[in-house]
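Architecture at a glance
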Amino acid sequence: MPRVRRFRSRWLSAVAGLCVVVGGTAGCGSGAQTGPVTLNWYNFPDDSGALQEAADRCGGQSGGRYRIAYNKLPRGADGQRQQLVRRMAAHDAGVDILGLDVTWPAEFAQAGWIREWTGPVKERATADTLDAAVRTATWQQRLYAAPYNSNTQLLWYRDDLVPAPPRTWTEMLSQADALAKQGKPHYVEIQGAQYEGLTVWFNTLVTSAGGSILTPDAKAPSLGPPAVAAAAVMHDTAVSAAADPSLPNQMEDQNRLAMESGTAAFELNYPFVYPSMKANRPDLFPHFRWAPYPGVLPDRPATVTIGGIDLAVGAYSHHPDLAFEATLCLRDRENQLTNALRGGLPPSLRSLYGAAELTASYPFAADVLAALDTASVRPQTPAYQNVSIAIAHALSPPADIRPQSTVAGLRGQIEDALGSKGLIP
């Protein structure tokens, strides 16, 4: 074969190979990929259909530039985190948008797995957004996610048993004891199992007593007298008449079911319990009321731990600009309202708490907003998972807590967790 023909043949082969590589973006004749880009969104499983509706709506509004594939993570938070960690550690380019529990952004940002929000997209992600929600998505003064929804706990009680809701834990335990002596329903339902809910209970009590679990730089345990006071509340609750016998094994849904069974007078839980009581116990529902979370100190309101989901853009996504745009759409006003009404998750947008559509279904919307405006945030550290496990282990079961010695031992366990030392309990 003449040299010119050999060169031409090799050139054509190279161009054909290039088409295979870039066909999805540049187009190379009849073999090129056509249609919108698919953005993969990994989030918690939603049975209400609100998340799928948001994905479809945003894809439709993109003008054909992208579609969103909603991929359901496992139901448990631990399983969700495990799957996301594995994918990001493998530099999975197929993860465009990540639904992160509000305790994960620091870890994922420090690992380089999610992208920082800057410029106009940052402005849009923080506009009208609750301050505490923005704090959960921030690591080292940089925004790494857009708050999708928020969450907080209220005190739920039966007004046929409790005419006036308690303002402090001491008052609530006293009321429960009085009801027990009268042979009436009297339990205080709270998350006492050895899991994240126990850490949330402790964090709320510590911050409500004026303290914090970690120092401001998140490099060492803080604890101190507020932590001892918090531990004392947990112990006193567990050994009182207010304690459900299954307290050491109870999580949020067990609390809901116990309240609906009619054996409890109080419940510390999230707003999802309201529509559940309405549907499952219409006879008790007229007496199912709400109030602010009780304080640890008589002159200091509670600072309830904020929950929720933050949406982040994957560091290895091939379409980051579209992913930022799609994320902003997923958490826009219309989709957050649908998520609240259908999925029962409080919004992260402040203005929605005054919307007639929300207040009609959320008569407690103002109380939720008030709690979120004074909310505490769980310790922000890339080592949060280890810190939380150490806390839940040290405080379980609550009846075995010895406030002074338990907190002293916990201090050392947190130091080891922050320094990645020792074995995780």
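To keep things clear, this report deals only with the structure shown in the data block. These numbers were taken from a predicted model, which means no experiment stands behind them. (Residues numbered from 1 in each chain as written. Predicted model: local features only at pLDDT ≥ 70, side-chain atom pairs only at ≥ 80, totals over all residues. Heavy atoms only, no water.)

1. Some details on the overall build of the protein
The number of helices and strands found in the protein is 17 helices and 11 strands. Summarising its shape, the C-alpha atoms of the protein cover approximately 105 × 50 × 35 Å along the three principal directions. Counting over 425 residues, the protein shows a buried share of 52%. Counted over contacts in the protein with a minimum sequence separation of 6, partners at least 24 positions apart contribute 74%. With the model as given, the accessible surface of the protein reaches about 18600 Å², and the carbon-plus-sulfur share is 52%. Taking the average location of the 36 positive side-chain charges in the protein and that of its 39 negative ones, the two points are 11 Å from each other. (Helix = DSSP H or I, 4+ residues; strand = E, 2+ residues; numbered from the N terminus. Buried < 20%, exposed > 50% of the residue type's maximum accessible area, 1.4 Å probe, protein only. Contact = heavy atoms within 4.5 Å. Areas by Shrake-Rupley, 256 points an atom, 1.4 Å probe, with all protein chains shown as cover. Lys, Arg positive; Asp, Glu negative; His and termini not counted. Charge placed at Lys NZ, Arg CZ, Asp CG, Glu CD.)

2. Some points on the state of the cysteines
All chains considered together, the criterion is met by 1 disulfide. In this model Cys58 forms its disulfide with Cys329; the gap between the sulfur atoms is 2.1 Å. Residues Cys58 and Cys329 are joined by a disulfide whose S-S torsion is about -95°; by sign, that bridge is left-handed. One end of the pair, Cys58, is in helix 2 (residues 50-61); the other, Cys329, is in helix 12 (residues 320-330), with 271 residues separating them in the sequence. Judged on exposure class, the residue Cys58 and its partner Cys329 are both buried. (Disulfide = S-S within 2.5 Å.)

3. Remarks on the nonpolar core
Counting 49 residues, the largest nonpolar core has Trp169, Phe202 and Phe266 as its most contacted members. Taken together, the elements giving at least two residues each to this core come down to strand 7 (154-158), helix 7 (169-181), helix 8 (196-208), helix 9 (225-238), strand 9 (264-269), helix 16 (384-394) and helix 17 (403-418). Phe202 has contacts with Ile213, Leu223, Ala227, Ala230, Ala231, Met234, Ile391, Leu395 and Leu410, leaving out every residue within four places of it along the chain. Counting 47 residues, the second-largest nonpolar core is a separate cluster that includes Ala55, Tyr66, Phe108 and Phe324. (Core = buried A, V, L, I, M, F, W, Y, C linked by side-chain atoms within 4.5 Å.)

4. Here we look at the side chain of Thr237
Mapping Thr237 onto the fold places it in helix 9. Setting aside residues no more than four positions away along its own chain, Thr237 makes contact with Trp169, Leu173, Trp201 and Ala243.

5. What about the pairing of strand 1 (residues 37-43)?
Most of strand 1 sits out of view: 5 of its 7 residues are buried. Two strands pair when backbone bridges link them, and strand 1 and strand 2 (residues 66-72) are joined in this way by 7 bridges, in the parallel orientation. Across the sheet, residue Val37 finds its bridge partner in strand 2, namely Tyr66. Tracing the backbone out of strand 1, into helix 2 and back to the parallel element strand 2 gives a crossover that is right-handed. (Pairing = 2+ DSSP bridges. Right-handed = clockwise from strand over helix to strand, strands pointing away.)

6. A word on the packing of aromatic side chains
One pair of aromatic rings is described through two measures. These are the centre distance and the angle between the planes. If you walk through the whole model with that rule in mind, you get 16 aromatic pairs. Taking 6.5 Å as the distance between ring centres and 25° as the angle between the ring planes, the aromatic pair formed by Trp104 and Phe108 counts as stacked. Classification of Trp104 by relative accessible area gives buried; the value is 2%. Given a relative accessible area of 0%, Phe108 falls into the buried group. Between Phe108 and Trp113 the ring centres are 5.2 Å apart and the planes differ by 80°, which places this aromatic pair in the edge-to-face class. Through a chain of ring-to-ring contacts, three or more aromatic side chains come together here, namely Trp156, Tyr274, Phe285, Phe288, Trp290, Tyr362 and Phe364. In this structure, Arg289 is placed above the aromatic ring of Trp290, and the distance from its NZ or CZ to the ring centre is 4.7 Å. (Phe/Tyr/Trp six-rings, centres within 6.5 Å; stacked < 30°, edge-to-face > 60°. Lys NZ or Arg CZ within 6 Å of the ring centre and 35° of its normal.)

7. Considerations on the sheet that holds strand 1
Read across the sheet, 5 strands follow the order 2-1-3-11-6 without closing on themselves; strand pairing throughout is mixed. The open sheet has two edge strands with one neighbour each: strand 2 and strand 6 (146-151). If you compare each strand with its neighbour and ignore which way they point, the axes differ by 20° on average. Pairing of strand 1 with strand 3 (residues 97-101), which is carried by 2 bridges, proceeds in the parallel orientation. The partner of Tyr42 across the bridge, within strand 3, is Leu98. Its contacts with the sheet place helix 2 against strand 1, strand 2 and strand 6, and it is angled at close to 165° to strand 2. Running over the sheet, helix 3 (residues 77-89) touches strand 1 and strand 3 and is turned about 135° from strand 3. (Axes fitted to C-alpha atoms, helices over the stretch in contact; angles between N-to-C directions.)

8. Here's the deal with the pattern of salt bridges
One pass over the full model with this rule turns up 15 salt bridges. Between Arg87 and Asp92 there is a salt bridge, with the nearest N and O atoms lying 2.8 Å from each other. (Salt bridge = Lys/Arg side-chain N within 4 Å of Asp/Glu carboxyl O.)

9. Side note on helix 17
The end-to-end C-alpha distance of helix 17, which contains 16 residues, comes to 22 Å, matching closely the 22 Å that a straight helix rising 1.5 Å per residue would cover. Phi for Ser420, located one or two positions after helix 17, is positive at around 55°. (Expected span 1.5 Å × (residues − 1).)

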